[in-house]
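An overview of the molecular structure
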Amino acid sequence: MHLNIERTTVNASSICDVIGTLQNILAHSRVIIPDLETPYSLFPNIDHSAIGRGDKSISAIITERQQQLDTVVQEISGLESVMDRMKNIHQQLLKKKDEIIQSMNLHRGLLSALWRLPPEILSLIFVRCLPETEHLLPSPTLAPVLLTRICRRWRDVAIGMSSLWCGALIVDNSHKEWQRAASCYNTWFERSRDLPLSLVLKCFKNYTTHLRSLLEPRMSKISNLPITTSDPLWCTPSFAQSISRLPSTLRRLRVAGPSAFDFDRITSCNPVWAHLTHIEIAICPNLSSLEIGLGFYDEVPLTFEPFMHANLQFFRISNASPMRMGNLFPDLFNALTLPNLRILEARYIRPWPHEELKTFLARSSCPLESLIFGTGVTMTDEQRGEYIVLVPFLDVVVDHRRSGYFGYRRLR
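Presented here is a report on the structure given in the accompanying data block. As the structure is a computational prediction, the values presented were derived from the model and not from experiment.

**Examining the overall build of the chain**
- The number of helices and strands found in the chain is 14 helices and 13 strands.
- Per-residue burial over the chain gives 36% buried out of 412 residues.
- In the chain, the share of contacts with a sequence separation of at least 24, taken over all contacts with a separation of at least 6, comes to 79%.
- Carbon and sulfur atoms make up 56% of the accessible area of the chain, which totals about 25100 Å².

See below:
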């Protein structure tokens, strides 16, 4: 029986007919091996010299074998063609199966109470779906982007929730990659609408032009800006100028990067620094000398978290607003640990945090050589003795001729 399968796109009844016909054929079919024995194959050791070159019987056998070979080759080719078409039908059936399952699951889902939840409840659920980080790297496999890919209703609710789009991790990329990333970031920020933005910048190459073009239109919305960089050249004057345009709504600024970071460029942005309530600078792991001079027109609430710097040896600090910020320095000494400190100089700090300094020295166990008090700092002989008890051979110097403010910038 000959089976002709020319069409691979068939309906269900045709496929059933094909399968039934094939099963019937296969049940009654078998390959018959022909009898290939000849008088010559029965006696392989026959004297070949006795066979003439024109022996017609052998020529007939060869012709017959060629015909048999042609037939079986044709049968194999035909069978392979049929098998290929059957594989194609099999793939179509598998695809059909997947589509049926998908449709069935969709309609089962319509019976779920989840689809009848009001937008307010969905909004609470969506917030719980966010990754456990404040700053999200836009990804189609993670919320909130993933929530926009489930169905139209979920998409509308997610896009309408400005709070889902207020935090983002921005990573600089090559020019080719940045074009696609910038489009994604722009869509992300548009969905945040008028809410403040909390952003994290990771700058591994000198692509400040990219970052500046992305951030400048939204500078007025940024309230939190941690910056991490491995490129000492990223803080260009133009980028520092962009930072200077950050709004008075900015409350938190964190900078982490190499020691080549130009701190003076950033601190020149007086309007920004005046409104900060949290700042963290983690840029100089090998820093050996630090001078800090602060001044405030108004009382600024600041808090310090514990911090240790293993390499700092020279620390000079002054306060240009002693009547307002005197309480700042006890908290500063309570937070700091400087195990390698050798020289500490202070000016214009009153009241002097004597007990906090003793705790700081004991905690740091540092090889302090000189403790220098300049203008605006007072110390009693009893306090001097207590310092020397903690650090034998300490040279305590009171020199009110030492005036001025270290790196002073008055912050409004």
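**Here's the deal with the packing of helix α12 (residues 328-335) against helix α13 (residues 354-364)**
- Between α12 and α13, the least distance of the axes is 8 Å, while the angle of their chain directions is 15°. Here α13 runs roughly parallel to α12, going by the angle between their axes. Crossing hand, α12 versus α13: left-handed. Taken together, the residues of α13 that come into contact with α12 (itself represented by P330, F333, N334 and A335) are E356, L357, F360 and R363.
- For the contact of α12 with α13, the class distribution of residues is five nonpolar, one polar and two charged.

**Regarding the pattern of salt bridges**
- Counted under the stated rule, the structure contains six salt bridges.
- Here K358 ties to E386 by a salt bridge, and the two come within 2.8 Å at their closest N and O atoms. Separated by 28 residues along the polypeptide, K358 in helix α13 and E386 in helix α14 (residues 381-390) bring together distant segments of the chain.
- A relative accessible area of 24% means that E386 is categorised as partly exposed.

**Brief notes about the packing of α13 against α14**
- Relative orientation of the contacting elements α13 and α14 amounts to 10°, with a least axis distance of 10 Å. Here α13 lies roughly parallel to α14, going by the angle between them. Of the residues in α14, those touching α13 at H354, L357, K358, L361 and A362 are Q383, E386, Y387 and L390.
- Classifying every residue of the contact of α13 with α14 by side-chain character gives five nonpolar, two polar and two charged.

**A closer look at the environment of R316**
- Mapped onto the elements, R316 comes out in strand β8 (residues 314-319).
- Sequence spacing of R316 and A346 is 30 residues, and the spatial spacing of their C-alpha atoms is 5.9 Å.
- Polar side-chain contacts of R316 include one of 3.4 Å to the side chain of E345.

**Section: the environment of P138**
- Of note, P138 is situated in the loop between α4 (119-129) and α5 (152-160).
- Note on P138: relative accessible area 19%, which makes it buried.
- Once the C-alpha coordinates of P138 and Y185 are considered, the two residues, 47 residues apart in sequence, prove to be 7.7 Å apart.
- Not counting residues up to four positions away in its chain, the partners in contact with P138 are L169, C184, Y185 and W188.

**So, the packing of aromatic side chains**
- All told, the structure shown has six aromatic pairs when counted by the stated rule.
- Judged by centre distance (5.9 Å) and plane angle (70°), the rings of F333 and W352 are edge-to-face. Of the two residues, F333 sits in helix α12 while W352 sits in the loop between β10 (343-347) and α13, which places them 19 residues apart along the sequence. With respect to class, F333 is no different from W352; both count as buried.
- For the ring pair W352 and F373, a centre distance of 4.9 Å and an interplane angle of 80° mean the geometry is edge-to-face. With W352 in the loop between β10 and α13 and F373 in strand β11 (residues 370-373), the pair connects residues that are 21 residues apart, well separated along the chain. The pair formed by W352 and F373 is uniform in burial state, with each residue classed as buried.
- One aromatic cluster is present, formed by F333, W352, F360 and F373 through successive ring pairs.
- Over the ring of W165 we find R191; its NZ or CZ atom is 4.7 Å from the centre of that ring.

**Re the nonpolar core**
- Within the largest apolar cluster, 32 residues are counted, with the highest numbers of intra-cluster contacts made by F126, I170, W178, F189 and L199.
- Per element, the largest residue contribution to this core is six residues, and it comes from helix α6 (residues 175-192).
- Among the nonpolar cores identified, the runner-up in size contains 27 residues, and L341, I349, L357 and V396 belong to it.

What counts and how
- Residues numbered from 1 in each chain as written.
- Predicted model: local features only at pLDDT ≥ 70, side-chain atom pairs only at ≥ 80, totals over all residues.
- Heavy atoms only, no water.
- Helix = DSSP H or I, 4+ residues; strand = E, 2+ residues; numbered from the N terminus.
- Buried < 20%, exposed > 50% of the residue type's maximum accessible area, 1.4 Å probe, protein only.
- Contact = heavy atoms within 4.5 Å.
- Areas by Shrake-Rupley, 256 points an atom, 1.4 Å probe, with all protein chains shown as cover.
- Axes fitted to C-alpha atoms, helices over the stretch in contact; angles between N-to-C directions.
- Parallel < 35°, antiparallel > 145°, perpendicular 65-115°, else oblique.
- Left-handed = near helix turned anticlockwise from the far one by under 90°.
- Nonpolar A, V, L, I, M, F, W, Y, C, P; charged D, E, K, R; others polar.
- Salt bridge = Lys/Arg side-chain N within 4 Å of Asp/Glu carboxyl O.
- Polar contact = N/O pair within 3.5 Å; in protein donor to acceptor, adjacent residues only side chain to side chain.
- Phe/Tyr/Trp six-rings, centres within 6.5 Å; stacked < 30°, edge-to-face > 60°.
- Lys NZ or Arg CZ within 6 Å of the ring centre and 35° of its normal.
- Core = buried A, V, L, I, M, F, W, Y, C linked by side-chain atoms within 4.5 Å.

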